[in-house]
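Breakdown of the fold
Residues per chain are reported as follows:
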Amino acid sequence: MTRIFATSLPRTIDILISDLSTPAHQGWGIEAWVFNDAPTRRAAEAAFAKHGIKAQIRSAYKPLLHFFLEEIDIAAQSYTDIRVTYPRNDAAADNRFLLETYPLAALVGDAKITFVAGTRTDGIYDVSLTQADGTTTTHEVFAPNRLHQDVINETHLSPTGWLRMTDSDGTVIRDDQIDTDYETLFAQTMQAIAAHDWGSTEPYFDELNITVELPGQDHVIAHGHEEISLHEALHEDFYFALLELFQVKSGRPLGDRGLQPGQIVPEIKTGTDQLTVTVENRPLVTGEITGPRQDLDTATDPLTSAQIAEELGKIDGEIFSAQSRSGRIINARYRTGTDIPIMISGGQHPNEITGPSGALRGAQKLALRDGAHFTISPLENPDGYALHQRLIVDNPRHMHHAARYTALGDDLEYRTAANNKPLLEKEIRQKAQDISKAQLHVNLHGYPSHEWTRPLSGYVPRGFGMWTLPKGFFLIMRHHEAWTDHAMAFIDLVTKHLATVPGLLDFNNAQIDLYRTHAGDTGFDIINGFPCMISVDDRHDVPLTLITEYPDETIYGDAFIAGHTAQMETVVAAYDAHQKLMAASA
């Protein structure tokens, strides 16, 4: 284990209280925007009040949403009409400040809410609130941002701290940006990692661990699985910013999923009165998290690795396997039969948690049929899955994208025999195709069930803009050009079946409506009530690949059951559609 960097920082909010709670500032007004939870900010206001200072301490993260949560009592007021005119900036996506308002439209009850693109470029939202008696009030809500460069010299417009001070006569003494503890911790850590000598050969490390203790608590919002979490946002920013740093170091383009730096693990824990960070190069963890066995059909939590292996063992067939970087075994089954074969897989991205359960349920259901013919690999990335199981012990509601890729740090799908030897996890797919000769791969995935942000790097996750908000059960159909007609008929049959799953269309419609309100144009097709993206893609050896995307990152209980049920139904529907279409073309 090698320590690379460690530091601690006092809270910005404590520094402000210490510096400004003086007799000279009595009677002054203070407005500050910082990265702290509401209880911490209310406590700071009370501390200022004891010194005769009227303070409003606001959130620098999602300030418009916090305005409605903290300064406007929606539940107590009979608002009938709400109009939000959002600012824009040439340095950000046109809908950036609209996205930041999510999920406000779901929180205003029966009030009509309208979002309008404005002309202001100063970061100020104009808000108009009309009550039942016709009374209208207007408000300006400031969203402080700064234009800055990150460690790879990419430019971002990002939320930032701000301080506004007025003296006892109402004269503005100060009104400008401040570097907060949250921003400084991230920047110093990234600079230290960038300055370290990593050598010139991938992988650069085993586990690059970034352990942070961050004061404050997550704020659960009364809608779906939404919460405001500075801890989760910091995890996401560290993970993807470090991927980008090593992509640049290796000479690869940003977003290259073939990069193999090693396993990047930000662990963001709840701290007390200061921020601390420790960065270490650690050995890979090879142990497993244990847990109770669940009934597969009604499992309310992600299965343990041991139960996944047990459930796979219930399917008769030829055993085949591969091995991960850390030495974990990837097990699969080949069930031979008289039907047209398909490949079924889950767990490529292990933080997408309904895939393994859905794959197993679908395969077990198919195995009851005479003639069933398929391969099943329910957990393709066991190293990532073990990491996810480890991370959710402390933060079960976080999406934990650090567990998305393998312990080499790459997306296993992007490995090829030509550029990766050995193939390790990817070998399980190659074996599945070689042994079955399948022409359809059903690949079960998921995406965040609540908003995904990177507030310290421009807010919208780079390269993943269309996945920042949930939008229902999404299907991606990739096919070789010669299979275009087959793919279109196939997706029609699959979505028609899924439309019969109780509650699934209503679930889709509600999420798509909210997505349109807070993101604008969808950019995807709706087929039989399901958002879909269909494209020609010759990158896959298999001519037909169906990728499911269920909004499952952080869901539990009944929501988790609904998720892996939708995945199971997709496996069965895809199998039946393929049999029908292949028979018709024979």
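This section reports on the structure supplied with the text. The model shown is predicted, which means the values in this text are computed figures rather than measured ones.

If you trace the backbone, Ala-43 turns up in helix H2 (residues 38–49). The exposure class of Ala-43 is partly exposed, given its relative accessible area of 46%. Between the alpha carbons of Ala-43 and Ile-57 there is a distance of 9.5 Å; along the sequence they are 14 residues apart.

A few words on unusual backbone geometry. Residue Pro-103 is bonded to the preceding Tyr-102 through a cis peptide linkage, with omega at 0 degrees. The topology assignment puts Pro-103 in the loop between helix H4 (96–99) and strand E5 (112–117). Cis rather than trans, the peptide bond between Glu-202 and Pro-203 has omega equal to -5 degrees. Within the element layout of this structure, Pro-203 appears in the loop between helix H5 (181–195) and strand E12 (207–214).

To continue, consider H2. The end-to-end C-alpha separation of H2 is 17 Å, in line with the 16 Å expected for twelve residues at 1.5 Å each. On its buried face, H2 sits against helix H1 (12–20), strand E2 (29–34), strand E3 (54–59) and helix H3 (63–71).

Close approach of charged atoms allows side chains of opposite charge to pair. Counted under the stated rule, the structure contains 51 salt bridges. Close ionic contact of Glu-427 with Lys-431 constitutes a salt bridge, the shortest N to O distance being 3.6 Å. Note that Glu-427 and Lys-431 are positioned in helix H10 (residues 427–436) at a spacing of four residues, about one turn of the helix. With relative accessibility at 30%, the residue Glu-427 sits in the partly exposed group.

Okay, the sheet that holds strand E7 (residues 136–142) next. One open sheet holds the four strands; their spatial order is E5-E4-E6-E7, and the pairing between them is mixed. Both edges of this open sheet fall to E5 and E7, since each of them pairs with a single strand only. Pairwise comparison of adjacent strand axes, ignoring direction, gives a mean angle of 15 degrees for this sheet. Direction of pairing for strand E6 (residues 124–131) relative to E7: antiparallel, over a ladder of seven bridges.

Bringing the sheet that holds E12 into the picture now. Taken in spatial order, the four strands of this open sheet run E1-E16-E12-E15, and their pairing is mixed. The open sheet has two free edges, formed respectively by strand E1 (2–10) and strand E15 (263–270), since each of these has just one partner strand. Between one strand and the next, the sheet's axes are offset by a mean angle of 10 degrees, whatever the strand orientation. In this structure, E1 lies alongside strand E16 (residues 274–282), joined through eight bridges in antiparallel fashion. Paired with Ala-6 across the two strands is Thr-278, which belongs to E16. Across the sheet, H5 lies against E1, E12 and E16, angled at about 160 degrees from E1, the strand it touches most.

On the secondary structure map, Ile-57 appears in strand E3. For Ile-57, a relative accessible area of 2% corresponds to the buried category. Residue contacts for Ile-57: discarding those within four places in its chain leaves Ile-13, Ala-32, Val-34, Arg-41, Arg-42, Ala-44, Glu-45 and Phe-48.

At a closest axis distance of 9 Å, the pairing of helix H11 (residues 484–498) and helix H13 (residues 557–585) adopts a crossing angle of 135 degrees. By the angle between their axes, H11 is oblique relative to H13. H11 and H13 meet at a crossing whose hand is right-handed. Contacts between H11 and H13 involve His-486, Ala-489, Phe-490, Leu-493, Val-494, His-497 and Leu-498 on the former and, on the latter, Ala-566, Glu-569, Thr-570, Ala-573, Ala-574, Ala-577, His-578, Lys-580, Leu-581 and Met-582. Per-class residue counts for the contact of H11 with H13 are eleven nonpolar, four polar and two charged.

Next up on the list: the packing of aromatic side chains. All chains considered together, the criterion is met by 22 aromatic pairs. Taking 4.9 Å as the distance between ring centres and 20 degrees as the angle between the ring planes, the aromatic pair formed by Phe-35 and Tyr-182 counts as stacked. Of this pair, Phe-35 sits in the loop between E2 and H2 while Tyr-182 sits in helix H5, placing them 147 residues apart in sequence. In this structure, Arg-96 is placed above the aromatic ring of Phe-97, and the distance from its NZ or CZ to the ring centre is 4.8 Å.

Turning our attention to the side chain of His-441. Within the secondary structure, His-441 is located in strand E21 (residues 440–448). Judged by relative accessible area, His-441 falls into the buried class, the value being 6%. In this structure the side chain of His-441 is engaged in a polar contact, spanning 2.7 Å, whose partner is the side chain of Ser-345. Excluding its chain neighbours within four sequence positions, the residues that come into contact with His-441 are Met-343, Ser-345, Arg-429, Val-542, Leu-544, Thr-545 and Leu-546.

A few words on the nonpolar core. Core analysis: the largest hydrophobic core is formed by 92 residues, its most contacted members being Phe-68, Leu-208, Ile-210, Leu-234 and Phe-246. It is helix H6 (residues 230–249) that contributes the most residues to this core, eleven residues altogether. The contact partners of Leu-234, leaving out residues within four places of it in the chain, are Tyr-182, Leu-185, Phe-186, Val-212, Leu-214, Ile-268 and Leu-456.

Criteria and cut-off values
Residues numbered from 1 in each chain as written. Predicted model: local features only at pLDDT ≥ 70, side-chain atom pairs only at ≥ 80, totals over all residues. Heavy atoms only, no water. Helix = DSSP H or I, 4+ residues; strand = E, 2+ residues; numbered from the N terminus. Buried < 20%, exposed > 50% of the residue type's maximum accessible area, 1.4 Å probe, protein only. Expected span 1.5 Å × (residues − 1). Contact = heavy atoms within 4.5 Å. Salt bridge = Lys/Arg side-chain N within 4 Å of Asp/Glu carboxyl O. Pairing = 2+ DSSP bridges. Axes fitted to C-alpha atoms, helices over the stretch in contact; angles between N-to-C directions. Parallel < 35°, antiparallel > 145°, perpendicular 65-115°, else oblique. Left-handed = near helix turned anticlockwise from the far one by under 90°. Nonpolar A, V, L, I, M, F, W, Y, C, P; charged D, E, K, R; others polar. Phe/Tyr/Trp six-rings, centres within 6.5 Å; stacked < 30°, edge-to-face > 60°. Lys NZ or Arg CZ within 6 Å of the ring centre and 35° of its normal. Polar contact = N/O pair within 3.5 Å; in protein donor to acceptor, adjacent residues only side chain to side chain. Core = buried A, V, L, I, M, F, W, Y, C linked by side-chain atoms within 4.5 Å.

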